[in-house]
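Structure at a glance
Listed here are the chains, written in short residue letters.
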Amino acid sequence: MKNSMIIHPDELSEKWIDKLANAGIGAIGIHPCGGRNAFESLAELLKRMQTQSYRRLIDYAHTRGLEVEYELHAMGYLLGRKLFDTHPEYFRMNEKGERTKDYNLCVSNEEAMELVAENAVQLAKSLYGSTHNYYFWLDDGRDMRCNCPMCRDLSASDQQMMVLNRMLREIKKHIPDARMAYLAYVDSIVPPSMVEVDDGIFLEYAPFEKYTARNENAKELIAREREMIAPLLRTFNKEPKKVLEYWYDNSMLSGWKKPPKKFVPDKEAMLADIAEYRRIGFDCISTFACFLGKDYEELYGEADITDFADALKQY
Ligand SMILES: [Zn+2]
């Protein structure tokens, strides 16, 4: 597993590929927009993957020695929301006791789990040029677990773990060396406690609260995010451990709205973070680098990634 920078599909260019390869960063991550409509941006990416121009770029990345990975909020895609009309029981129950198709699924529903696993196999096979590390994250946000009588006692983390184990088991029948990321992020920052971690599930730690928590609980959320690192590393000790950071995430800085803002990375904070992540045992370091594509360059010139590349060599 290689260190990487993660960009949006429409930002992929020869220039980005050369920049990463020249800097000695081993992989490029492709990330369709998250949020409520993540299933649509994933569907668009799959369409884009069929085009010659996209495939040429991925082939070029490979010739430059870069690995390619796809980091996706995938559940809305894997369990199509239209199914709610005929099978509301596939979907989660909210706190009010109502089935809703807003996010995720009911992990106690066998048919839903089977469908998700089958669709995950198709998705894994269709990701053009991908490594066998898969990032099929659940839907993006808070309080999205199933609260039905069967699922109620399972945390968001345990529910995620059940789906990941199930998807990976199915994918491994076709791709034996497949691995899958457990995204430790927001609600799933607490390690799973009731569901076993299958072989091949690796930790991906994304400290989102550090940058975004602003409400009255912000301090507690940010502290919890840090305190969970040690138990997460213990829980996911069999595979390489990965960080997904936001040091170059100009989409976050721009409020996930175009036009992009002028971006200046916080070098000191990044260096301190990288040194600390290495010290405590993370193997692989990655960061979002969205909203630094062609439209950004036209406004502000090329974004410099030297500090990140140098820091990776130093630590
Ligand atoms: Zn349920």
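Residues numbered from 1 in each chain as written. Predicted model: local features only at pLDDT ≥ 70, side-chain atom pairs only at ≥ 80, totals over all residues. Heavy atoms only, no water.

**Examining the nonpolar core**
Definition in use: Here, nonpolar core means buried Ala, Val, Leu, Ile, Met, Phe, Trp, Tyr and Cys residues that are tied together by side-chain atoms lying within 4.5 Å of each other. Buried, partly exposed and exposed residues are distinguished by accessible area as a fraction of the type maximum, computed with a 1.4 Å probe on protein chains only: under 20%, between the cut-offs, and over 50%, respectively. Segments assigned H or I by DSSP are reported as helices when at least four residues long, segments assigned E as strands when at least two residues long, and all are numbered from the N terminus. Only heavy atoms matter for contacts: two residues are in contact if any of them lie within 4.5 Å across the pair.
Judged by nonpolar contacts, the single largest core of 89 residues is most densely connected at Tyr70, Phe136, Ile171, Tyr248 and Phe308. Of all the elements, helix H5 (residues 110–126) adds the most residues to this core, at seven residues. Every residue in contact with Tyr70, bar those within four places of it in the chain, is listed here: Ile30, Leu45, Met49, Tyr54, Ile58, Leu127, Tyr128, Ser130 and Tyr135. Listed in part, the 16 residues of the second largest apolar core include Leu244, Phe288, Cys290 and Phe291.

**Let's talk about the packing of aromatic side chains**
Centre distance and the angle of the planes are the two values used to describe a pair of aromatic rings. What counts, and what does not: Classification of ring pairs uses Phe, Tyr and Trp, with its six-membered ring standing for Trp, and accepts pairs whose centres are within 6.5 Å; under 30 degrees between planes counts as stacked, over 60 as edge-to-face, and the remaining range as tilted. For a ring to carry a charge above it, either NZ of a lysine or CZ of an arginine must fall within 6 Å of the ring centroid while also lying within 35 degrees of the normal to the ring plane.
Using the criterion set out here, one finds 17 aromatic pairs in the structure. Ring geometry for Tyr277 against Phe282: centres 5.4 Å apart, planes inclined by 85°, an arrangement best described as edge-to-face. Summarising the burial analysis for this pair, Tyr277 and Phe282 share the class buried. Three or more aromatic residues link up through ring pairs in this structure, and these residues are Tyr205, Trp247, Tyr248, Phe263, Tyr277, Phe282 and Phe308. The ring of Phe291 is capped by Lys258, whose NZ or CZ atom sits 4.5 Å from the centre of that ring.

**Remarks on empty space enclosed by the protein**
Operational definition: Residues are said to line a cavity or pocket when one of their atoms sits within 4 Å of a point; the points come from a 1 Å grid over protein atoms alone, cavities being sets where a 1.4 Å probe fits but cannot get out and pockets being open sets with protein on both sides within 12 Å along at least five of seven lines. Grid points are joined across faces, edges and corners, and a volume is the space filled by probe spheres set on the points. In this classification, the charged set is Asp, Glu, Lys and Arg, the nonpolar set is Ala, Val, Leu, Ile, Met, Phe, Trp, Tyr, Cys and Pro, and all remaining amino acids, among them Gly, are polar.
Under the defined criterion, the tally for this structure stands at two cavities of 30 Å³ or more. There is about 210 Å³ of room inside the largest cavity. Around the largest cavity, the lining is made up of 17 residues, and of these Asn104, Leu138, Asp139, Ala156 and Ser188 lie nearest the centre. For the lining of the largest cavity, the leading source of residues is helix H6 (residues 156–172), giving three residues. Of the residues that constitute the lining of the largest cavity, the class distribution is nine nonpolar, five polar and three charged. Quantified by volume, the second largest cavity comes out at close to 40 Å³. Forming the boundary of the second largest cavity are Val197, Asp198, Asp199, Gly200, Ile201, Thr235, Phe236, Asn237, Lys238 and Glu239. Of the residues belonging to the lining of the second largest cavity, the class tally is three nonpolar, three polar and four charged.

**Regarding the sheet that holds strand S1 (residues 4–7)**
Note on sheets: strands pair through backbone hydrogen bonds, and any given pair is parallel or antiparallel. Note the cut-off: For two strands to be treated as a pair, DSSP must find at least two bridges joining them. To obtain an axis, a line is fitted to C-alpha atoms, over the contacting stretch when the element is a helix, and the angle between two such axes runs from 0 to 180 degrees between their N-to-C directions.
With parallel pairing, eight strands are arranged side by side around a closed barrel as S1-S2-S3-S6-S7-S8-S9-S10. Neighbour to neighbour, the strand axes of the sheet diverge by 30° on average, direction disregarded.

**Regarding the coordination of the zinc ion**
Stated formally: The donor definition counts N, O and S atoms within 2.8 Å of each metal and applies 3.2 Å to Na, K and Ca; water is not among these atoms, so some sites may look incomplete. In this scheme the shape depends on donor count and angles: four donors with every angle between 85 and 135 degrees give tetrahedral, four or six donors with opposite pairs above 155 degrees and others between 65 and 115 give square planar or octahedral in turn, and any other case is irregular.
Here the zinc ion is held by Cys106 (SG), Cys146 (SG), Cys148 (SG) and Cys151 (SG), and the distances to it run 2.2 to 2.4 Å. Coordination geometry of the zinc ion: the four donor atoms subtend angles of 104 to 114° at the metal centre, consistent with an arrangement described as tetrahedral. Donor residues binding the zinc ion come from one chain and are separated in sequence as C-x39-C-x1-C-x2-C. Of this pair, Cys106 sits in the loop between strand S5 (99–100) and H5 while Cys148 sits in the loop between strand S6 (133–137) and H6, and the two are 42 residues apart along the sequence. Assigned by exposure class, Cys106 and Cys148 land together as buried.

**Describing a negative patch on the surface**
Filter applied, for reference: Patches in this entry comprise residues that are over 30% relatively accessible and not in a salt bridge; like charges within 9 Å are linked, as are nonpolar side chains (Val, Leu, Ile, Met, Phe, Trp, Tyr) within 5 Å. Here the accessible surface of atoms and residues is derived via Shrake-Rupley with a 1.4 Å probe, and residues count as covered only by protein chains that are part of the display. Between Lys or Arg on one side and Asp or Glu on the other, a salt bridge is scored when a side-chain nitrogen of the former is within 4 Å of a carboxyl oxygen of the latter. His residues and chain termini do not enter the charge count, which takes Lys and Arg as positive and Asp and Glu as negative. Note that the charge is assigned to NZ on lysines, CZ on arginines, CG on aspartates and CD on glutamates.
On the surface, Glu89, Glu111, Glu114 and Glu118 cluster together to form a negatively charged patch. Residue placement: Glu118 occurs in helix H5.

**Description of unusual backbone geometry**
Pro259 follows Lys258 through a cis peptide bond whose omega is 0°. For Pro259, the location among the structural elements is in the loop between helix H10 (250–253) and helix H11 (267–280). Here Asn104, not a glycine, exhibits a phi torsion of approximately 55°, which is positive. Of note, Asn104 is situated in the loop between S5 and H5. One non-glycine residue, Trp256, adopts positive backbone phi at about 60°. Relative to the helices and strands, Trp256 is located in the loop between H10 and H11.

**Regarding the layout of surface pockets**
Taken as a whole, the largest pocket holds about 360 Å³ of empty space. His31, Gly34, Gly35, Asp140 and Trp256 are, among the 20 residues lining the largest pocket, the residues nearest its centre. In the lining of the largest pocket, the residues fall into twelve nonpolar, six polar and two charged. For the second largest pocket, the calculated volume is near 230 Å³. Around the second largest pocket, the lining comprises 13 residues; the ones closest to its centre are Tyr211, Tyr246, Trp247, Phe263 and Asp266. Mapped by element, the contributors of at least two residues to the lining of the second largest pocket are helix H7 (209–212), H10 and H11. Counted by class, the lining of the second largest pocket contains nine nonpolar, no polar and four charged residues.

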